[in-house]
Amino acid sequence: MSRHRTIRNKGVIAAARLQRSPAPGKRLAFRVDPWTRKLIRPLMISLLAVSVAVALLVIARIISPGPAWMALIPLCFLTALEGAYTSAWLNNPDSNGVDRLSYRAAEVLLILVVARVYSWIVFVGGIPSPDEMRVFLVSPMAVLSTGGFISTAVITLAAWWLAVTLSRIFTRLDVSIYEINFYTLPSIEQKAQADNQPIQTPREELQDQFLNTWLLAGMGMVFLAALSTFEVNELTNVTNPFEITRLGLTPAMLFALMIYFLAGFWLLSHARLLRMNARWLIDGVAKEADLERAWQRSTIVVLGLVALIAAFLPIGSTLAISQILSLGLAGIGYLMNLFISFFGHLTAAALILLTQNVEETDPLMAQPTPAPLPTPVPAPPAAPNEFLTMAGSSAFWALGVAIVIASLLFLLRERGYRLNRTVVGTYWSMLAGWARELWERLSGRARSLSHELQNRLKRPTSLDIPHPDLKIRPPRFLRLGELSPREQIRFYYLALLRRAAESGIDRRDSETPLEFAQEMKDAWPDSGTNIDALTEAFLEARYSPQPIDKHEAGSIKERWKSLRSRLRKPR
Amino acid sequence: MSSRFRWLFLLLLGVAFLLRVDFIFYILYVIAGVFLWSWWRGGRTLQRIVASRTYRKRAFLGEEVEVKLALTNTSRLSVPWVEFHESVPPELRLESAVHQVANLRGHQSISFTYRVKGLQRGYYRLGPLRLTSGDLFGLVKPQAGILRSDFLTVYPKIVQLTQLGLPSRLPFGTIAGRQRLFEDPARPMGAREFRSGDSLRQMNWKASARNQKMLVRTFEPAISLETAILLDMNAAAYERRNRYDSIEWGIVTAASLATHLINQRQAVGLNTNGIDPLRLQEESRVFDETTGRLLFESTQGSNDLSRFTPPAIEARAGRPHLMKVLELLARLYARESTPFAEWAPAACVNLSWGVTVIAITAQGDPHTCNTLHHLVRSGFNPILIAVEPDANFSQVRERARRLGFRAFNVVDRRDLAQWQRPLHTLHGGG
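Q: Help me out: how do you make sense of the overall build of chain A in this one?
A: The helix and strand tally for chain A stands at 19 helices and one strand. A total of 571 residues make up chain A; the buried ones form 23% of that total. Taking as baseline every contact in chain A between residues at least 6 positions apart, the subset at least 24 positions apart corresponds to 79%.

Q: How do you make sense of the overall build of chain B when you look at a structure like this?
A: Each helix and strand counted, chain B has nine helices and 21 strands in total. Looking at chain B as a whole, 40% of its 430 residues are labelled buried. Taking as baseline every contact in chain B between residues at least 6 positions apart, the subset at least 24 positions apart corresponds to 74%.

Q: What should I look at first to understand the packing of helix α3 (residues 73-90) of chain A against helix α4 (residues 100-124) of chain A in this one?
A: Two measures define how a pair of helices packs: the angle their axes make with one another and the distance between the axes. Residue and element names in this part refer to chain A. Following both chains from N to C, one finds α3 and α4 inclined at 165°, their axes separated by 12 Å at the closest point. The angle between α3 and α4 falls in the class roughly antiparallel. Here α3 and α4 pass one another in a crossing that is right-handed. In this structure, α3 contributes Leu75, Thr79, Thr86 and Leu90 to the contact, and α4 contributes Arg100, Tyr103, Glu107, Ile111, Ala115 and Tyr118. Class assignment for the residues of the contact of α3 with α4 results in six nonpolar, two polar and two charged.

Q: Could you clarify how one ought to interpret helix α5 (residues 319-331) of chain B in this entry?
A: An α-helix turns once every 3.6 residues. As a result, residues three or four positions apart point the same way. Taking 1.5 Å per residue as the helical rise, α5(B) with its 13 residues ought to reach 18 Å, and the 19 Å between its terminal C-alpha atoms agrees with that figure. Within the sequence span of α5(B), burial applies to B:Leu322, B:Val325, B:Leu326, B:Leu328, B:Leu329, B:Ala330 and B:Arg331.

Q: Explain the environment of A:Val52 here, please?
A: Tracing the chain through its elements places A:Val52 in helix α2 (residues 34-63). Separated by 24 residues in the primary sequence, A:Val52 and A:Cys76 place their C-alpha atoms 9.9 Å from one another.

Q: Help me understand the sheet that holds strand β3 (residues 64-73) of chain B in this model?
A: Working definition: the strands of a sheet are paired by backbone hydrogen bonds and lie parallel or antiparallel to each other. Residues and elements named next belong to chain B. On the basis of which strands lie adjacent, the open sheet formed by three strands has the order β1-β3-β6 and antiparallel pairing. Either end of the sheet is taken by a strand with one partner, and the two such strands are β1 (49-54) and β6 (109-117). Taken over all neighbouring pairs, the strand axes of this sheet differ in orientation by 15° on average, direction set aside. Two elements, β1 and β3, share six bridges in a ladder whose sense is antiparallel. Along β3, the bridge assignment pairs Ile49 with Asn73.

Q: Which parts of the structure should I look at to understand the confidence of the model for chain A?
A: Should pLDDT be low for a region, the predicted coordinates there are not to be read in detail. Residue and element names in this part refer to chain A. Of all residues in chain A, 80% have pLDDT values of 70 or greater, and the mean over the chain is 79. Ranking the elements of chain A by mean pLDDT puts helix α1 (residues 9-20) last, at 53, and α3 first, at 93. Contacts for the low-pLDDT stretch residues 358-366, under 50 throughout, to residues beyond four places or in other chains number zero contacts.

Q: What should I look at first to understand the nonpolar core in this one?
A: Note that soluble globular proteins tend to have their nonpolar side chains buried in a common cluster. A:Ala159, B:Ile229 and B:Ala258 are the most contacted members of the largest nonpolar core, which totals 172 residues. At 17 residues, helix α11 (residues 251-283) of chain A tops the list of elements feeding residues into this core. Those residues within four positions of B:Ile229 in sequence are excluded, and the remaining contacts are B:Ala254, B:Leu257, B:Ala258, B:Val268, B:Gly269, B:Leu270, B:Ile358 and B:Ile360. Counting 18 residues, the second largest nonpolar core, distinct from the first, contains A:Leu496, A:Ala517, A:Ala537 and A:Ile556.

Q: It is not clear to me how the confidence of the model for chain B should be interpreted in this structure. Could you clarify?
A: Residue and element names in this part refer to chain B. This prediction gives chain B a mean pLDDT of 84; 86% of its residues lie at or above 70. When the criterion is pLDDT under 50, residues 423-430 qualifies, and its contacts beyond four places in sequence or with other chains add up to four contacts. Here the predicted complex scores 0.64 on pTM and 0.73 on ipTM.

Q: What am I meant to see in the sheet that holds strand β10 (residues 150-154) of chain B here?
A: All names here are of chain B. The three strands are arranged β2-β10-β7 in an open sheet whose pairing can be described as mixed. A strand with exactly one partner marks an edge of an open sheet, and here the two such strands are β2 (58-59) and β7 (122-126). Pairing of β7 with β10, which is carried by five bridges, proceeds in the antiparallel orientation. Within β10, the residue paired with Gly122 across the bridge is Val154.

Q: I keep staring at the environment of A:Phe396 and nothing clicks. Help me out?
A: Residues and elements named next belong to chain A. With respect to the helices, strands and loops of the structure, Phe396 is situated in helix α14 (residues 386-414). You can call Phe396 partly exposed: it has 15 C-beta atoms within 10 Å. Each C-alpha atom, one on Phe396 and one on Val138, is 9.8 Å from the other, the two residues being 258 residues apart in sequence.

Q: I would appreciate a short explanation of the packing of helix α16 (residues 485-502) of chain A against helix α18 (residues 528-543) of chain A in the present structure.
A: Residues and elements named next belong to chain A. Following both chains from N to C, one finds α16 and α18 inclined at 130°, their axes separated by 9 Å at the closest point. It follows from the interaxial angle that α16 and α18 lie oblique. In the crossing of α16 with α18, the sense of the turn from one axis to the other is left-handed. For the pair formed by α16 and α18, the contact residues are Arg486, Ile489, Arg490, Tyr492, Tyr493 and Leu496 on the first element and Leu534, Ala537, Phe538, Ala541 and Arg542 on the second. Considered class by class, the residues forming the contact of α16 with α18 number eight nonpolar, no polar and three charged.

Q: I'm lost on helix α4 (residues 243-263) of chain B in this one. Help?
A: All names here are of chain B. Spanning 21 residues, α4 covers 30 Å between terminal C-alpha atoms, matching the ideal 30 Å at 1.5 Å per step. Summarising burial for α4: 18 of the 21 residues are buried, a large majority. Arg265 sits one or two residues past α4 and shows a positive phi near 60°.

Q: Is there a simple way to explain unusual backbone geometry in this structure?
A: The phi angle of most residues is negative, glycine excepted, and most peptide bonds adopt the trans form. Residue and element names in this part refer to chain B. For the peptide bond that leads from Gly127 to Pro128, omega is 5°, which places it in the cis range. Relative to the assigned elements, Pro128 resides in the loop between β7 and β8 (129-133). You will see that Arg265, though not glycine, has its phi angle at about 60°, which is positive. Of note, Arg265 is situated in the loop between α4 and β15 (268-272).

Q: In this structure, what is going on with the environment of A:Ser562? I would like to understand it.
A: Residue and element names in this part refer to chain A. With respect to the element layout, Ser562 can be found in helix α19 (residues 550-568). Given 12 C-beta atoms within a 10 Å radius, Ser562 is considered exposed. A C-alpha to C-alpha distance of 8.6 Å links Ser562 and Ser527, two positions 35 residues apart in sequence.

Q: Hey, could you run me through the pairing of β10(B) in this one?
A: Looking along a regular strand, one sees side chains alternate from face to face of the sheet. Here β2(B) runs beside β10(B); their pairing, made up of two bridges, is parallel. Each bridged residue has a counterpart across the sheet, and for B:Ala59 the counterpart in β10(B) is B:Val154.

What counts and what doesn't
Residues numbered from 1 in each chain as written. Chains lettered and ligands numbered in written order. Predicted model: local features only at pLDDT ≥ 70, side-chain atom pairs only at ≥ 80, totals over all residues. Helix = DSSP H or I, 4+ residues; strand = E, 2+ residues; numbered from the N terminus. Buried ≥ 20, exposed ≤ 12 C-beta atoms within 10 Å, placed from the backbone. Contact = placed C-beta atoms within 7 Å. Axes fitted to C-alpha atoms, helices over the stretch in contact; angles between N-to-C directions. Parallel < 35°, antiparallel > 145°, perpendicular 65-115°, else oblique. Left-handed = near helix turned anticlockwise from the far one by under 90°. Nonpolar A, V, L, I, M, F, W, Y, C, P; charged D, E, K, R; others polar. Expected span 1.5 Å × (residues − 1). Pairing = 2+ DSSP bridges. pLDDT = per-residue confidence, 0-100. Core = buried A, V, L, I, M, F, W, Y, C linked by C-beta atoms within 7 Å.

Next up, the structure:
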């Protein structure tokens with residue numbers, strides 16, 4: 001009897017291997033904190049950028065103490081915030097189709113417009129008066145060539161540029177949605193979709209880029225802080241720079257320095273987190289969003305503690321070590337001075353030795369001085385052509401306004417705010433209807449006023465009193481095309497009555513239209529059909545609620561024309 | 001990056017002195033403070049983290065084992081991030097690898113659980129757990145720590161046996177026997193009238209007084225099965241074609257017999273000429289990367305294999321002893337070691353008289369039968385269990401009968417079925 005071979009451990013293990021393979025849909029639990037990205041990071045970047053702007057504003061205030069420079073801080077902050085958010089938005093995969101250069105150009109243009117308006121409000125005291133506007137219309141450069149606007153624009157754009165640069169670095173440092181989608185897949189699926197593996201971002205370079213930007217701007221801040229301690233206005237009058245009056249750091253500068261360095265440290269820690277995030281994601285390390293929040297908390301606590309402790313440490317150049325180092329630096333400076341003067345003396349001595357024989361040689365023949373050329377008399381400046389100036393300025397403003405509107409529409413369109421033509425059409429028709437109604441009211445009112453005035457003027461002459469029986473006035477300025485078909489028919493009938501009265505067939509008050517029609521037929525028997533048709537149409541138009549179409553009004557018009565020509569002829 | 005900080009520090013220091021801006025000292029203090037904090041804290045984070053691994057160290061084949069990893073921050077200060085990666089062989093684990101990053105508040109403990117399942121007997125490695133932590137600013141290099149590996153023994157497969165029916169020569173034991181030659185005083189069965197020659201010790205005085213006649217106690221007959229299992233793991237003895245399966249089956253048979261006998265409160269010992277890889281030096285041990293199983297890859301020559309042969313496990317009863325036997329069986333590897341005919345007599349030198357010797361080997365060839373016959377003559381009770389299929393095993397059985405021992409051909413699970421039937425069926429069948 002043959003034995004059946006049974007499945008032993010080998011087979012069981014092979015079957016278990018299949019079972020052990022991870023479920024196809026099971027992804028790596030890797031979560032990021034959206035609040036850090038959507039709120040805290042843009043805020044920190046904006047604070048850092050604004051602190052640089054504040055340092056510039058402090059210097060500007062020292063140079064020109066009059067204007068309220070610090071009032072520009074909100075504008076700088078909002079601009080920086082806008083730049084930070086826009087950079088994050090442009091890094092979004094949905095924004096891949098947006099032309100970066102055009103978008104940024106439009107953004108800068110709008111910032112300049114806002115800066116112009118803001119500088120008007122801050123420095124001049126409000127929106128320009130009509131007289132100033134007239135000047136701006138004629139000479140457009142007068143709008144842009146003011147110091148307040150240029151300073152506002154430069155400082156605002158500096159804050160905006162820094163915020164955009166840092167935000168772009170951080171959005172690139174962050175793990176992208178493509179990386180999350182790929183690296184959270186099970187390893188088997190990652191191998192299957194190897195072609196979709198995202199390209200590695202050089203995060204170390206980006207972190208270095210941030211560090212360089214931060215350190216360079218930090219050095220600039222330190223320099224500005226140092227500069228702010230001097231009376232800068234005296235620089236032009238003082239020959240010895242060390243005689244310039246020294247001031248203390250202003251609270252604004254202190255605050256800006258603190259914010260700059262603390263926000264920078266926070267961002268440095270955040271950059272570190274983002275790099276670690278990317279490494280963890282690629283290595284398949286599971287992570288909860290809570291870790292990022294704890295990281296931010298720890299950073300804030302550490303920075304806060306260090307900043308607090310540092311506040312209690314002795315500060316100042318009065319420290320012994322500071323004095324020793326200052327003495328050392330002074331000594332080095334003294335030695336360098338000695339060295340330079342020594343070499344200066346040596347050089348001078350060498351030059352004297354070299355030029356000793358030159359004095360003994362014959363002096364050079366004096367060259368005759370050439371007669372001065374007659375200077376051309378400058379032509380008197382031509383009187384500016386007013387038409388050309390006006391045309392140029394108009395073209396400038398038209399182009400400028402068109403570009404600004406186009407930029408605004410471009411920004412809105414790229415951000416997903418599309419112009420709904422139907423809605424716009426509805427609003428336009430509403431507006432047009434409202435305007436038409438208003439116009440009609442006003443024109444009616446004006447007409448009645450003019451009539452009343454005319455009546456008052458004509459009242460003394462009794463001859464001008466209209467015939468009491470003829471209640472129909474020739475319509476003036478009446479457009480028949482604008483009347484409804486019903487009104488047109490009534491108009492033709494009443495015109496018939498007027499024409500008949502002029503021909504001697506007057507309608508009595510007691511006569512009905514049908515009776516009067518008979519009377520007219522007796523007078524003009526060859527036009528009986530037309531008279532009947534017109535009378536019937538009038539009765540229908542006057543008393544029937546049924547709608548009357550245009551064609552019927554047209555046929556009545558034709559009959560009225562033939563009647564009119566008949567009534568002109570003698571009976 | 002720290003070099004840049006040093007430069008910034010020096011540059012700011014220079015600017016501070018040259019321009020005499022006192023506030024720059026504050027910035028310098030902040031920079032120095034952050035650097036010092038990162039340097040001091042980064043180097044001490046892992047020292048204050050205690051990691052532990054909790055699990056059952058032994059598992060039956062196919063049984064799931066839950067491993068719990070716990071990390072405790074013994075410091076009051078929080079740890080912003082700690083990355084930990086537990087190395088678990090992919091064929092052993094049931095879930096994705098434990099590779100996470102977490103934060104620990106002061107005195108906080110966190111734990112993570114994963115499950116493993118051993119589908120092959122063996123000695124498996126769990127871990128090590130690698131820990132990495134660092135500072136918040138990237139100013140110092142991350143520090144790494146490690147929690148040493150732990151090990152999991154997966155027992156060989158055990159087939160539940162009800163009735164072995166193995167013969168015994170020892171007079172006392174716990175398994176009821178059908179021969180009334182030996183009675184077990186621990187198993188009182190009833191009473192009968194006193195006969196001449198009955199011992200007075202067996203008198204049931206209370207029953208005699210009540211019935212007014214002499215009665216003696218009767219006991220159930222019993223046999224003792226103090227057993228020594230000789231497991232032949234000499235690879236050369238097995239046919240090359242089915243070597244792996246036959247050896248594994250021999251181990252399953254040995255484990256099943258040992259478990260059954262110890263469940264019957266019998267003493268069981270184990271002697272084998274196989275290789276125990278745990279006898280390698282710790283640094284020489286090699287674990288398979290895929291399965292995590294301890295391998296035997298000795299760099300020594302085959303002549304030195306005797307060094308890795310485990311010592312005999314003496315016959316004892318009890319669950320702890322069974323675990324010891326099963327652990328050894330879980331680790332064993334077959335190599336071309338000493339042949340059974342040479343090794344078995346030496347292995348039985350220290351056994352007591354009358355011990356049942358269950359020899360599990362490949363086949364019942366004449367050399368093996370002769371060896372077992374010598375054991376019979378030495379006073380043992382050998383039983384041959386051949387695990388390789390043999391069409392002419394009746395001849396072996398007949399030869400064994402003539403040489404004074406019994407032989408069984410147990411090739412697969414169905415051959416164990418005769419010992420798996422319920423007890424009453426066996427009794428009923430006679």
